[in-house]
Amino acid sequence: MADPPAAHPAPDSPLILVADDSLLEQRYVARILEQQGGWRAVFARNGEEALALLAKTQPALLLTDMNMPRMDGLTLVEKVREKHPHVPVVLMTGSGSERVAVAALKAGAADYVAKQALSHDLVSVLDRVLSAGQAALRRYQVLRGMTRRSSQYVLENDPALVPPLVAQFREDLIEMGLCDVTGATRAGIALEEALLNAVYHGNLEVSSELREGGDSAFHKLAAERRSRAPYAERRVRVAARLTSAQATFVVLDQGPGFDVSKLPDPTEDTFIERASGRGILLMRAFMDEVRYNATGNRVTMVKRRDRSSADE
């Protein structure tokens, strides 16, 4: 069967940057992008070339192979998320690269498509990612002019509610220009620790010492207390206030609290090795201020604007 007639994408069609060291695969991908998707394409032979082109061409999306010389796809994903966070990255994966693909998704890739399924799946995957990316960019452009944001939440004692709330706070930090993706991730880890502490140690009164021998006894007791009085009626209250200078998060539980004066130094070597020391250590490492009230059932955390963001 003869090849279909050559397509000529419109000059204003989305530009896709393709990073692949194989000229044969470049031609194959170009034919799919132009004939099936109606998109323009520009190519880089490795990750370093791709980063250089990102600054010049401002593509709508980066499509990258996993295995390339000088800089592989995983490293490229990390670099793009750091330097060009608004450019989505889609991976082309070969057989046997599933584990690396998962690592790349965790590092910030938007999606992936198997090389053996490019002709069938590539256009639909890119179309979905481009649509989502354009909506997110418009939302960012609107919200970056915001100077203040305040919100309040009341959470049941369900740990599954913590990740989506933390994800919302991470987006808020980035949209307010307080930090980049990496800084928002670090702040999100601190927030997650504080929220889980409020649920488990505050409202459910499950001691972290149960984790020293493993997590099973800890989670078993927590599950039992979630449906038993007085623990079941307790709630976690969260307040967030973000300005262009800093973000302040207050997490309040309805438990009995603890003696703040007996809180050990989490940077001590013996404390770092304990399972119970991880949360406090991360909170103090990733936030600029961490303060408890006298009864120990309210923690206030402050994240000031990163210097790199302030210089933009």
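Residues numbered from 1 in each chain as written. Predicted model: local features only at pLDDT ≥ 70, side-chain atom pairs only at ≥ 80, totals over all residues. Heavy atoms only, no water.

1. Here's the deal with the sheet that holds strand β1 (residues 15-19)
Filter applied, for reference: Strand pairing is assigned whenever DSSP identifies at least 2 bridges connecting the two strands. Each helix is a run of DSSP H or I of at least 4 residues and each strand a run of E of at least 2, with the numbering of both proceeding from the N terminus. Angles shown run from 0 to 180 degrees and are taken between the N-to-C directions of axes, each axis being a line fitted to C-alpha atoms and, for helices, limited to the stretch in contact. Every residue pair with non-hydrogen atoms within 4.5 Å of one another is taken to be in contact.
Taken together, the five strands give an open sheet; going across it, the order is β2-β1-β3-β4-β5, and neighbouring strands pair in parallel fashion. The open sheet has two free edges, formed respectively by β2 (40-44) and β5 (111-114), since each of these has just one partner strand. Neighbouring strand axes in the sheet, compared pairwise and without regard to direction, differ in orientation by 25° on average. Where strand β3 (residues 61-65) and strand β4 (residues 89-93) come together, four bridges link them in parallel fashion. The partner of threonine 64 across the bridge, within β4, is leucine 91. Sheet strands in contact with helix α3 (residues 73-83) are β1, β3 and β4, and its direction is about 160° off that of β3.

2. Some words on the pairing of β4
Keep this limit in mind: Each residue's exposure class comes from its accessible area (1.4 Å probe, protein chains only) as a fraction of the maximum for that residue type: buried when under 20%, exposed when over 50%, partly exposed otherwise. Convention used here: a crossover is right-handed provided that the path from the first strand, over the helix, to the second strand proceeds clockwise when the strands point away from the viewer.
Where burial is concerned, most of β4 is hidden: five out of the five residues are buried. Along β4, one buried face is formed by Val89, Leu91 and Thr93 and the opposite face, lined by Val90 and Met92, is buried too. On the question of chirality, the crossover connecting β3 to the parallel β4 by way of α3 is right-handed. Note that β4 and β5 share four bridges and pair parallel. Counted as the bridge partner of threonine 93 is alanine 114 from β5.

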